[in-house]
There are 4 protein chains.
Amino acid sequence: MSGNTIGKLFTVTTFGESHGVALGAIVDGCPPGVMLSEADLQRDLDRRRPGSSRHTTQRKEPDQVRILSGVFEGMTTGASIGLLIENTDQRSKDYSKIKDQFRPAHADYTYHHKYGHRDYRGGGRSSARETAMRVAAGAIAKQFLASRGVQIRGYMSQLGPIKIDFKTWNSVDDNAFFSPDPAKVPELEAYMDQLRRDQDSVGAEVTVVAEGVPVGLGEPVFDRLDAELAHSLMSINAVKGIEIGDGFASIDQRGSTHRDEMTPEGFLSNHAGGVLGGISSGQPIVARLALKPTSSITTPGRSIDIHGEPVEVVTKGRHDPCVGIRATPIAEAMMAITLMDHWLRQRGQNAHVKVDTPRLGQC
Amino acid sequence: MSGNTIGKLFTVTTFGESHGVALGAIVDGCPPGVMLSEADLQRDLDRRRPGSSRHTTQRKEPDQVRILSGVFEGMTTGASIGLLIENTDQRSKDYSKIKDQFRPAHADYTYHHKYGHRDYRGGGRSSARETAMRVAAGAIAKQFLASRGVQIRGYMSQLGPIKIDFKTWNSVDDNAFFSPDPAKVPELEAYMDQLRRDQDSVGAEVTVVAEGVPVGLGEPVFDRLDAELAHSLMSINAVKGIEIGDGFASIDQRGSTHRDEMTPEGFLSNHAGGVLGGISSGQPIVARLALKPTSSITTPGRSIDIHGEPVEVVTKGRHDPCVGIRATPIAEAMMAITLMDHWLRQRGQNAHVKVDTPRLGQC
Amino acid sequence: MSGNTIGKLFTVTTFGESHGVALGAIVDGCPPGVMLSEADLQRDLDRRRPGSSRHTTQRKEPDQVRILSGVFEGMTTGASIGLLIENTDQRSKDYSKIKDQFRPAHADYTYHHKYGHRDYRGGGRSSARETAMRVAAGAIAKQFLASRGVQIRGYMSQLGPIKIDFKTWNSVDDNAFFSPDPAKVPELEAYMDQLRRDQDSVGAEVTVVAEGVPVGLGEPVFDRLDAELAHSLMSINAVKGIEIGDGFASIDQRGSTHRDEMTPEGFLSNHAGGVLGGISSGQPIVARLALKPTSSITTPGRSIDIHGEPVEVVTKGRHDPCVGIRATPIAEAMMAITLMDHWLRQRGQNAHVKVDTPRLGQC
Amino acid sequence: MSGNTIGKLFTVTTFGESHGVALGAIVDGCPPGVMLSEADLQRDLDRRRPGSSRHTTQRKEPDQVRILSGVFEGMTTGASIGLLIENTDQRSKDYSKIKDQFRPAHADYTYHHKYGHRDYRGGGRSSARETAMRVAAGAIAKQFLASRGVQIRGYMSQLGPIKIDFKTWNSVDDNAFFSPDPAKVPELEAYMDQLRRDQDSVGAEVTVVAEGVPVGLGEPVFDRLDAELAHSLMSINAVKGIEIGDGFASIDQRGSTHRDEMTPEGFLSNHAGGVLGGISSGQPIVARLALKPTSSITTPGRSIDIHGEPVEVVTKGRHDPCVGIRATPIAEAMMAITLMDHWLRQRGQNAHVKVDTPRLGQC
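Residues numbered from 1 in each chain as written. Chains lettered and ligands numbered in written order. Predicted model: local features only at pLDDT ≥ 70, side-chain atom pairs only at ≥ 80, totals over all residues. Heavy atoms only, no water.

Per an unreviewed UniProt entry, the recorded name for chain A is Chorismate synthase, and the organism is Vreelandella azerica. The UniProt entry for chain A carries the following comment under Sequence similarities (unreviewed entry): "Belongs to the chorismate synthase family." (UniProt positions renumbered as here; feature names shortened; annotations may be inferred.)

Caption draft 1: Quick peek at the environment of Thr5 of chain D. Take Thr5 of chain D: it is sitting in strand S1 (residues 5-6). A distance of 2.8 Å separates a polar atom in the side chain of Thr5 of chain D from a polar atom in the side chain of Thr13 of chain D. (Helix = DSSP H or I, 4+ residues; strand = E, 2+ residues; numbered from the N terminus. Polar contact = N/O pair within 3.5 Å; in protein donor to acceptor, adjacent residues only side chain to side chain.)

Caption draft 2: Inspection of the confidence of the model for chain A at higher detail. Of all residues in chain A, 95% attain a pLDDT of 70 or more, and the chain-wide mean is 92. The ipTM value of the predicted complex is 0.96, and its pTM value is 0.97. (pLDDT = per-residue confidence, 0-100.)

Caption draft 3: Broad picture of the sheet that holds S1 of chain D. Residue and element names in this part refer to chain D. The antiparallel open sheet is built from five strands, whose spatial order is S1-S2-S3-S7-S4. On the outer flanks of this sheet lie S1 and strand S4 (65-67), each paired with one strand and no other. Here two bridges tie S1 to strand S2 (residues 11-15), and the two strands are oriented antiparallel to one another. Of the residues in S2, the one forming a bridge with Thr5 is Thr13. The strands touched by helix H1 (residues 38-48) within the sheet are S4 and strand S7 (81-86), with S4 carrying the most contacts at an inclination of about 155°. (Pairing = 2+ DSSP bridges. Contact = heavy atoms within 4.5 Å. Axes fitted to C-alpha atoms, helices over the stretch in contact; angles between N-to-C directions.)

Caption draft 4: A look at the packing of aromatic side chains. Within this structure, the stated rule accounts for 34 aromatic pairs over all chains. When the centroid spacing of 5.3 Å and the interplanar angle of 85° are considered together, the rings of Phe72 of chain A and Tyr120 of chain C count as edge-to-face. Of this pair, Phe72 of chain A sits in strand S5 (residues 71-72) while Tyr120 of chain C sits in the loop between helix H3 (108-115) and helix H4 (131-146), on two different chains. Accessibility classification places Phe72 of chain A together with Tyr120 of chain C in one group, the buried group. Between the aromatic rings of Tyr111 of chain A and Tyr115 of chain A, the centroid separation amounts to 5.5 Å while the plane-to-plane angle is 55°, which identifies the pairing as tilted. With a gap of four residues between them, Tyr111 of chain A and Tyr115 of chain A both fall in helix H3 (residues 108-115), about one helical turn apart. Look at Tyr111 of chain A and you get buried, because its relative accessible area is 8%. (Phe/Tyr/Trp six-rings, centres within 6.5 Å; stacked < 30°, edge-to-face > 60°. Buried < 20%, exposed > 50% of the residue type's maximum accessible area, 1.4 Å probe, protein only.)

Caption draft 5: Representation of the relation of the copies chain B and chain A. When chain B is fitted onto chain A, the two copies agree to an RMSD of 0.0 Å after a turn of 180° and an axial shift of 0.0 Å. The transformation just described matches what one would write down for a two-fold rotation axis. (Least-squares fit on C-alpha atoms with pLDDT ≥ 70 in both.)

Caption draft 6: Structural context of the UniProt feature "binding site: NADP(+)" (unreviewed entry) in chain A. Residues and elements named next belong to chain A. Sites flagged by UniProt as "binding site: NADP(+)" (unreviewed entry) map to Arg48 and Arg54. Position of Arg48 relative to the elements: it lies in helix H1 (residues 38-48). Exposure remark for Arg48: the relative accessible area of 2% places this residue in the buried category. Contact partners of Arg48, with chain neighbours within four places excluded, come to Asp63, Ala128, Arg129, Thr131, Ala132, Val135, Arg326, Pro329 and Ile330. At 3.3 Å, the side chain of Arg48 forms a polar contact with the backbone oxygen of Ala128.

Caption draft 7: Just H1 of chain A, in detail. Among the residues of H1 of chain A, Asp40, Leu41, Gln42, Asp44, Leu45 and Arg48 of chain A are the ones counted as buried. Here the buried face of H1 of chain A lies against strand S4 (65-67), strand S7 (81-86), helix H4 (131-146) and helix H9 (327-350) of chain A.

Caption draft 8: Here's a closer look at the side chain of Thr294 of chain D. As for its placement among the helices and strands, Thr294 of chain D is situated in the loop between strand S16 (285-291) and strand S17 (301-304). Within polar-contact distance, the side chain of Thr294 of chain D engages the backbone nitrogen of Ser296 of chain D at 3.1 Å.

Caption draft 9: Layout of the pattern of salt bridges. Here the structure, examined in full by the defined rule, presents 109 salt bridges over all chains. With a closest N to O distance of 2.9 Å, Arg47 of chain A and Asp44 of chain A form a salt bridge. Pair noted here: Arg47 of chain A and Asp44 of chain A are both in helix H1, with a separation of three residues, about one helical turn. For Asp44 of chain A, a relative accessible area of 9% puts it in the buried group. In this structure, Arg345 of chain C and Asp341 of chain C form a salt bridge, with 3.7 Å as the shortest nitrogen-oxygen distance. Here Arg345 of chain C and its partner Asp341 of chain C are both found in helix H9 (residues 327-350), four residues apart, which amounts to about one turn of the helix. (Salt bridge = Lys/Arg side-chain N within 4 Å of Asp/Glu carboxyl O.)

Caption draft 10: Inspection of the interface of chain B and chain A at higher detail. The partner chain A presents 119 residues to the 118 residues of chain B that form the contact. Across the chain B to chain A interface the summed buried area is about 9,600 Å²; carbon plus sulfur atoms make up 60%. For the chain B face of the interface with chain A, the top three residues by lost area are Lys114, Phe222 and Lys240 of chain B, together amounting to 10%. Across the chain B-chain A interface, the total number found is eight salt bridges. A salt bridge links Arg254 of chain B to Asp200 of chain A; the shortest N-O distance between them is 3.9 Å. Applying the counting criterion to the chain B and chain A interface returns 51 residue pairs in polar contact (both at pLDDT 80 or more). A per-element tally of the side of chain B that touches chain A places helix H3 (residues 108-115) of chain B first, with seven residues. (Buried area = accessible area lost by both parts, 1.4 Å probe.)

Caption draft 11: Local environment of the interface of chain C and chain D. Across the contact, 119 residues belong to chain C and 119 residues belong to chain D. In total, about 9,600 Å² of surface goes out of reach between chain C and chain D, with carbon and sulfur atoms giving 60% of it. When the buried surface of chain C facing chain D is broken down by residue, Lys114, Phe222 and Lys240 of chain C rank first, second and third, together holding 9% of it. The interface formed by chain C and chain D holds nine salt bridges in total. One salt bridge in this structure joins Glu219 of chain C and Lys114 of chain D, with 4.0 Å as the shortest N-O distance. On the surface where chain C and chain D come into contact, there are 51 residue pairs in polar contact (both at pLDDT 80 or more). By residue number, the principal contributor to the side of chain C that touches chain D is H3 of chain C, which donates seven residues. Broken down by class, the residue content of the side of chain C that touches chain D amounts to 49 nonpolar, 42 polar and 28 charged. (Nonpolar A, V, L, I, M, F, W, Y, C, P; charged D, E, K, R; others polar.)

Caption draft 12: View of the nonpolar core. Counting 252 residues, the largest nonpolar core has Leu83 of chain A, Leu83 of chain B, Leu83 of chain C together with Leu83 of chain D as the members making the most contacts within it. Residues in contact with Leu83 of chain A, not counting those within four places in the same chain, are Leu23, Gly24, Ala25, Val27, Leu41, Val65, Arg66, Ile67, Met133, Ala136, Ala137 and Ile140 of chain A. (Core = buried A, V, L, I, M, F, W, Y, C linked by side-chain atoms within 4.5 Å.)

Caption draft 13: Seen up close, the environment of Gly124 of chain C. Tracing the chain through its elements places Gly124 of chain C in the loop between H3 and H4. On a C-alpha basis, the gap between Gly124 of chain C and Asp260 of chain C in space is 46 Å, while along the polypeptide they are 136 residues apart.

Caption draft 14: How the structure looks around the packing of H1 of chain D against helix H9 (residues 327-350) of chain D. All names here are of chain D. Between H1 and H9, whose axes approach to 7 Å, the crossing angle comes to 140°. As far as their axial angle goes, H9 and H1 are oblique. On the side of H1, the interface is formed by Asp44, Arg47 and Arg48, while H9 contributes Thr328, Pro329, Ile330 and Glu332. For the contact of H1 with H9, a count of residues per class yields two nonpolar, one polar and four charged. (Parallel < 35°, antiparallel > 145°, perpendicular 65-115°, else oblique.)

Caption draft 15: Structural detail: helix H1 (residues 38-48) of chain C. Here H1 of chain C has its buried residues at Asp40, Leu41, Gln42, Asp44, Leu45, Arg47 and Arg48 of chain C. Residues of H1 of chain C that are buried sit in contact with strand S4 (65-67), strand S7 (81-86), H4 and H9 of chain C.

Caption draft 16: Spatial organisation of the pairing of strand S2 (residues 11-15) of chain C. All names here are of chain C. Burial analysis of S2 places five of its five residues in the buried class, the great majority of the element. Residue alternation in S2 divides its side chains into two sets, Thr11, Thr13 and Phe15 and Val12 and Thr14, and both sets are buried. Where strand S1 (residues 5-6) folds back onto S2 in an antiparallel hairpin, the turn is made up of four residues, including Gly7, whose phi is positive at roughly 105°.

Okay, here's the thing in structure tokens:
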């Protein structure tokens, strides 16, 4: 396909441009019998919604999602699920001015050369607005997984230079930054306020954790669970790096340190991040995403126009000074979509397996 | 599929266990008219071959590859290409002893629970021996891409605590470590010799670079070029992290720093690593892989057996104290496979696009 | 996936139930630069629309399609295309009565056992109403193919016992039956009027022809063009048989008769129906579909209910006495979707091929 | 992919040319724990083997298959299964003479234009020799399905003008024609002897039946079980038509006749051929294949060469005067592959469904 579908048994296909009529998705492969309502999707959409604080884009979008099919009397039927969000706040005038210019480090240049003809309004298909549908579809996967004891949660673990240690899940949804440490919030707010005064943007790191995942999800060799998680998480706008477990910290570790020893009571550590040989081990699955600073800033930058002439670009419009802030629900959604896909694939191919070996406890 | 195939238009499907009869692959989707011989594949296989230095496993495998189909009179025909490598050096006795034990941090535990019945000899399907076929298949992609001006090369950028700065491509194939800095080699050798005395293993970082990639490879949203590269590179055994361009260093960068400005003469920097909006920009594509220390060491470790009883595991047999050393040709192969797949997909969907905008020079 | 997507490079994914809120589709992989408007899709939707004559279901649906994305300033951008048709005429009361009964020869029984929970209103997802989206998506493929000189047209070649010889394309859209022989229309009308009085239904045969297809579309072995056409055409509701070229008539032909001889002027016959070795030959591609009589008739039939108890079923509601009548635009759409997919795949894998051998003229 | 793979969860990928070194396949997705030996595959390969009677090609190929991976201690492990058959009887000299000519109605012409460069020896990849690997892979699916109570059997139902009514399964493997009516064999032999004297070929019809298939296999809309069966069966060389159940006979049936009524004791008929709404009904699945007469005959035919010049072609070499004769095990194999794929897909997506409605008995 040409890139707008992810998954093999549980598939999500999306459409929609930043300033188009609507955003939509078709979620296929959801088993029948899953309780599902629009409210279940709206919850995560509201967590991602722009304009919820002064630290994110001021674009006002209710992002009201409608379920158009696949759910009957409050329960999935196994048929494909159609989702739709109408775009309401489209200020094209903000963008028409730079229609022939390429914003530096933006998809303008590559879309222009790949497609020739593009919807330049607000980045069109390349806009992060597309991620709303990932969140809506991911909420379906979360609902399915939750009913089987799997909980997926994320938080911001670094904002620019500020590292945020994990303190408590309770705090995460109580602040605009998805910070697991309430004490850090004032520092984060001060940093963001200064960033806006500097007319600049900054990167961030998001950590996502899946708990309750049974041993056995993932396929050997190419479709390893960690490889497919890397795929789905790296497909989020602005992501430049992915770690599973200790990630890059593994480079200077010794094997005697990194290996997670096992006792009858359970694993003694989780350097692997819940994946061994590409297959889930029953430990929490831990992934980290590095998000780059957005290129849409009002500080002038050198670029060219479609004629190859030099131009100075200033990106007006309403942008997130740190796209990482709203990335947490998106990362949760992508991890959920990938885990659910592998849940179904595992069921399809290995359901007859019975082993007496006890599953180990988590670390 | 169940995980042994990668790619959409250019597909590679592999089989084979560490101590089985043979390893094999079917490469499908290679266009006709590509000059190809077994020697073209053997070159990279020899670079990956074990036992080539005292710093890698002493298992002796000639890894002689045969092309069984798809090539006629020295040229590809467009038919599927069958590849075969017979296993010659299989010492099963080394392994039978731990057949009922799970080596800590190894795939034994997850394979056992997922499949119930497994080939425990030398890790069976989960052994890194499987990567020989990735290298053979990748050599076909490299051959195709080279004929179109794309060059893919890798090097070791860190071994355990030792960072290796890039000095010259010329040095890379002249030492056992794929080090781009010949001056570092003695230090690397000394470190590895001590590591063996410590009966331990260590991680590494490999960097892969593709030059000459045209603008336009990659699909929006889910099949972004960087997302699919993350998938194919993370699918290599022992890889725990992936970076594209500045990767995790982007987190505390400002947008005004990270964005790669453009002038009529070309890009002024390459923080993006050659991908913008998921599509190649024409700049060099730069990816880094973090490889964990192998869990197969002779230092005893705590674990359990298939009955859930505690055991102390010592992994005998012939293992790489640093799997990262031989990972360079494997990483090159996976990048080549993914780039070739997108080359064909791009041709399939966008060949009619003509834009007058000049392509920019590389940075 | 779970069955709601077709195609590899040009993919169509659909959703929607007979009595749901809306029908929708996402068309992915359409190259940029194709002129496209809602009117281009509406044309074929109107040809399929119910209630257009007394010989089809009296359900009144305007089937007004909206393009929600992927088209900008009248031209495709290469982004996924979202399509939507709101359902307006939903008479659920017609169906609630038989919600616990299985109509004989209908999908009720199999859907119930496969999914447990189903939207029984009007057949839900199994209703032929779903085919509206095939026609809308197929119109995009037709538009692309037409711009490259490929014309896809169909006609009814048999209605129940009445065989209809091909006379002229001009007549096909001038009558309710898509009959290529205007002289047959009165006989067809009389037959249908009697059929309604008999409270029964009947089968039909539809023939689809693609002209202007270049030599080279189709992949060897499993993805032969004829095999994928068989797949896409057999996926249309009520289709029970597929023929390519002479089809079943080939059984008692001799090789000396069947083989299409070639001269420098062109092929001397087209028994093969335009496909040789699974690849298009440049001759017209000819396929025939056998459509069964619908099971939804008002003549009482024996069946069971969900408790396994015997019931007598009378299918009220508004049904086509011959679903084959409206199948012509649907069959054209499916052939167009499959041909376009292979057009892109051929371009992706073989665009570099240059042979001097002249293409032969059609027969 | 480029056509050499079939299936979604249970996938078969093949390679090999008629006169190449070997034929091979990778079977991926087979669950672990299936008892499997080379003898299980050899059984069907021997049924297909050429030279087994004077009525088939005299090419002598032992077709000895080797299992190279995926089976350990007599049982599948869930890893990909590598299969290999070495070619032993390759008489290239038979073919080199017509290397620049296109045999009428053969794939020579289309392969030449699609690929430019081709292995012309014995038809290369387009030779029916490729079907040996379908039979080997299909035997794995048959083994899996048999362990779950599904039996797949086929027979020849027509040879040229001679219709063969089904009498008994016992007779099918006792004669060279797979005739279910022993009394017809002398007539078939006489016909074939005359056909050889006429230096001509003829078509045939093969019927395949799957019994014991549970209700619920198949996906709605595009991946209906009957659509995917049409795909896999039409992908067999020389097949020009496919019927499910009554097939083309449905055209002039009335709905009151065609619909299979149900009683608590079971279905009263099986016009549908075991598929309702694209999903298996629990009744026997019945498919018929129309095979064309092979174009490889010694009667001279008009054609052109690669320069476009007229030539008279006489196809020497060793060919089947009726390819339909050996098609029965191939058709069984393809039906098995498709059913197994859907068995796994059904398990993956719907395993939680529990309905109390009793399954109906077969008709």
